[in-house]
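Examining the three-dimensional arrangement
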Amino acid sequence: MQETLRHRPLLYMMTWRCTRACNYNCTYCSFGSNPHAHNEIDTRGGFKIVEELYELGAKWFGLSGGEPLLRKDVFDIIAHAKSLGMNVSLITNGYYVDGDILDNLVKYEVMTAVSIDGKEETNDLTRGAGSYATAVRAMKRLSDADIFDCIVTTLNRRNCSEVDHIAELGYEFGARRVVYHNYIPVGRAMEHLELAPSPLQYEVVMNRIYDLMLEYAGRLSVNVYCPFFARIAKVRGLSDFDFWFDNVFLGQCFIGGRYMGLLEDGDVRPCGFNEGYRMGNIRDKSMKELWVDLQGSDFVGRLRDRGNLKGKCGVCEFRGICGGCRTRAEIYTGDLFASDPACAYIPKVMREK
């Protein structure tokens, strides 16, 4: 029987951003214009991370970057996780998926995701010339080895009309799922605010992604990292909405204590994108201690209380299932509790005035 989220360990899966180093320089990169390796946890520290996650009951160990395949010890750490019986996933731009690296991904059964951002011309404007062809070659190799997990796409003004293409690629190469991220202007993306979709564009593309979710049901999982997608699914009458929201939907804002992200230097943050908040470092405390501290913090308590939301998010009838992106709200307004400026929806109470 498929394990549901509500019956999973607190840290069923944790992703370690194991390096800032990358051979690409994508225009929306959350790190900045010149990502580089700095003060990274070493191999022994990587083993310790794996062991602490295992002790907490984690079933999956995820690796991201930067480009995680640039770490020379990445397969030593993966081998350690596999020796404990953990599943391993990894997200890559696809450039290094060949030769010995591909052989090791296959050897350790690493479920691998590839990033791509639209059709070839659109993708290469964002990620660099030739990156589309490189990603597609990687998808084919991973598919042939039966370890192709996912395509990850970040929505921007250029590719909102190309979401169908991503789903088509996923289906063609036998991916288990495709995941669409909304555009959160952190790191280098702050230098390219013009790429952020407008609220109207978001409304149109999220509705199209909802259509794709139904069209590919049973063949390809379609998911979204965006809080207000839940409102669209609710309004459009998704069957068994509560189960989907609790056990499938990836887009809930996790800064309120339901997430713990681990950075390359051992810092822990409560949001996958917000670089401004740190909850401690694994060099100083255990993973369990950091998780307990996170749950009991005043910061998390205030974020969990949707009554603290302001503006239209604060009066929206869907705030219980949405609440907007707190990081995006803070970036645009300076207030972590302000309305999410990417959402086009006008709450019922405001329309009735």
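This write-up is about the structure you can find in this document. (Residues numbered from 1 in each chain as written. Predicted model: local features only at pLDDT ≥ 70, side-chain atom pairs only at ≥ 80, totals over all residues. Heavy atoms only, no water.)

1. Observations regarding the overall build of the chain
What counts here: Each helix is a run of DSSP H or I of at least 4 residues and each strand a run of E of at least 2, with the numbering of both proceeding from the N terminus. The globule rule used here is 2.2 Å times the number of residues to the 0.38 power, and the radius of gyration it is set against is calculated over C-alpha atoms. When a residue's accessible area, from a 1.4 Å probe over protein chains only, is under 20% of the maximum for its type it is buried; when over 50% it is exposed; and in between it is partly exposed. A contact between two residues is defined here by any heavy atoms of the two lying within 4.5 Å.
Each helix and strand in the chain was counted, giving 14 helices and 9 strands. The C-alpha atoms of the chain give 20 Å as radius of gyration, which agrees with the globular expectation for 353 residues (20 Å, within 12%). Along the first, second and third principal axes, the C-alpha set of the chain runs to 65 × 45 × 45 Å. Relative to its full complement of 353 residues, the chain shows a buried share of 54%. Of all intrachain contacts in the chain linking residues separated by at least 6 positions in sequence, the fraction that spans at least 24 positions is 70%.

2. Looking at the packing of helix α4 (residues 120-127) against helix α5 (residues 131-144)
The condition that has to hold: All axes are obtained by fitting lines to C-alpha atoms, using only the stretch in contact for helices, and the reported angles, taken between N-to-C directions, cover 0 to 180 degrees. Roughly parallel means an angle under 35 degrees; roughly antiparallel means over 145; roughly perpendicular covers 65 to 115; every other angle is labelled oblique.
α5 packs onto α4 with a crossing angle of 110° between their chain directions and a minimal axis gap of 8 Å. Our classification of the angle between α4 and α5 gives roughly perpendicular. Contacts between α4 and α5 involve E120, N123, D124 and R127 from the first element and S131, Y132 and A133 from the second.

3. Considerations on the pairing of strand β3 (residues 87-92)
Our working rule: Strand pairing follows a simple DSSP-based rule, namely that at least 2 bridges must link the two strands. For the handedness criterion, the strands are oriented away from the viewer, and a crossover whose path from the first strand over the helix to the second runs clockwise is classed as right-handed.
Across 4 bridges, the pairing between strand β2 (residues 60-64) and β3 is parallel. Each bridged residue has a counterpart across the sheet, and for W60 the counterpart in β3 is N87. Between β2 and its parallel partner β3, the chain crosses via helix α2 (residues 74-83), and the hand of that crossover is right-handed. When β3 meets strand β4 (residues 111-115), the two strands line up parallel, connected through 4 bridges. If you follow L90 over to β4, its bridge partner there is T112. One crossover worth recording links β3 to the parallel β4 by way of helix α3 (residues 99-107), and it is right-handed.

4. Structural notes on a nonpolar patch on the surface
Filter applied, for reference: In this analysis, a patch consists of residues with relative accessible area above 30% that form no salt bridge, clustered at 9 Å for like charges and at 5 Å for the nonpolar side chains Val, Leu, Ile, Met, Phe, Trp and Tyr. Computed with the Shrake-Rupley method and a 1.4 Å probe, the accessible areas treat only the protein chains shown as cover for residues. Salt bridges are counted wherever a side-chain nitrogen of Lys or Arg sits within 4 Å of a carboxyl oxygen of Asp or Glu.
Together, V315, I346, V349 and M350 line one region of the surface with nonpolar side chains, adding up to about 300 Å² of accessible area. Looking at the secondary structure, you find V349 in helix α14 (residues 348-351).

5. Section: empty space enclosed by the protein
So the rule is basically this: Buried and open spaces are told apart on a 1 Å grid over the protein atoms alone, a cavity being a set of points where a 1.4 Å probe fits but cannot get out and a pocket being an open set with protein on both sides within 12 Å along at least five of seven lines. Residues with an atom within 4 Å of a point are the lining residues. Grid points are joined across faces, edges and corners, and a volume is the space filled by probe spheres set on the points. Under the scheme applied, nonpolar residues are Ala, Val, Leu, Ile, Met, Phe, Trp, Tyr, Cys and Pro; charged residues are Asp, Glu, Lys and Arg; polar residues are all the others, including Gly.
In the structure shown here, the tally under the stated rule is 1 cavity of 30 Å³ or more. Empty space within the largest cavity amounts to approximately 120 Å³. Around the largest cavity, the lining comprises 14 residues; the ones closest to its centre are C313, C316, C322, C343 and Y345. Of the residues in the lining of the largest cavity, the class split is 8 nonpolar, 2 polar and 4 charged.

6. A word on the pattern of salt bridges
Evaluated as defined, the whole model comprises 23 salt bridges. Measuring nitrogen to oxygen at the nearest pair gives 3.9 Å for the salt bridge that ties R188 to E191. Given a relative accessible area of 46%, E191 falls into the partly exposed group. For K285, the salt bridge identified is with D293, shortest N-O distance 2.5 Å. Because the salt bridges share partners, they merge into one network encompassing D164, R208, D211, E215 and R236.

7. Comments concerning the nonpolar core
Test applied: Within this scheme, the nonpolar core is defined by two criteria: the residues are buried Ala, Val, Leu, Ile, Met, Phe, Trp, Tyr or Cys, and they are joined through side-chain atoms within 4.5 Å.
Membership of the largest hydrophobic core comes to 98 residues, with the highest contact counts inside it found for F61, Y180, M206 and I209. The greatest single-element share of this core, amounting to 7 residues, is contributed by helix α7 (residues 199-215).

8. Quick notes on the side chain of S115
By the secondary structure assignment, S115 is in strand β4. In this structure, S115 is in contact with I91, T92, N93, R127, A135 and V152, ignoring residues within four places of it in sequence.

9. With respect to the environment of L238
By secondary structure assignment, the location of L238 is in the loop between α8 (229-235) and α9 (241-247). Taking the relative accessible area as the measure of exposure, L238 reaches 13% and is therefore buried. Apart from the residues lying within four places of it in its own chain, the contact partners of L238 are Y210, M213, L214, A233 and W244.

10. Some words on the packing of aromatic side chains
Operational definition: Any pair of Phe, Tyr and Trp rings, taking the six-membered ring for Trp, is counted once the centres come within 6.5 Å. Such a pair is stacked with planes under 30 degrees apart, edge-to-face with planes over 60 apart, and tilted for the rest. Any Lys NZ or Arg CZ found within 6 Å of a ring centre and within 35 degrees of that ring's normal is scored as a charge over the ring.
Evaluation of the coordinates by the stated rule reveals 14 aromatic pairs. When the ring of Y95 is compared with that of Y96, the centres are 4.9 Å apart and the planes differ by 75°; the resulting orientation is edge-to-face. We classify Y96 as partly exposed; its relative accessible area is 23%. Residues F229 and W244 carry aromatic rings whose centres are separated by 6.0 Å and whose planes lie at 55° to one another, so their mutual orientation is tilted. Linking F229 in helix α8 with W244 in helix α9, this pair joins segments that are 15 residues apart in sequence. Summarising the burial analysis for this pair, F229 and W244 share the class buried. Taken together, Y210, F229, F241, W244, F245 and F249 form an aromatic cluster joined through their ring pairs. The ring centre of Y171 lies 4.8 Å from the NZ or CZ of R219, which sits over that ring.

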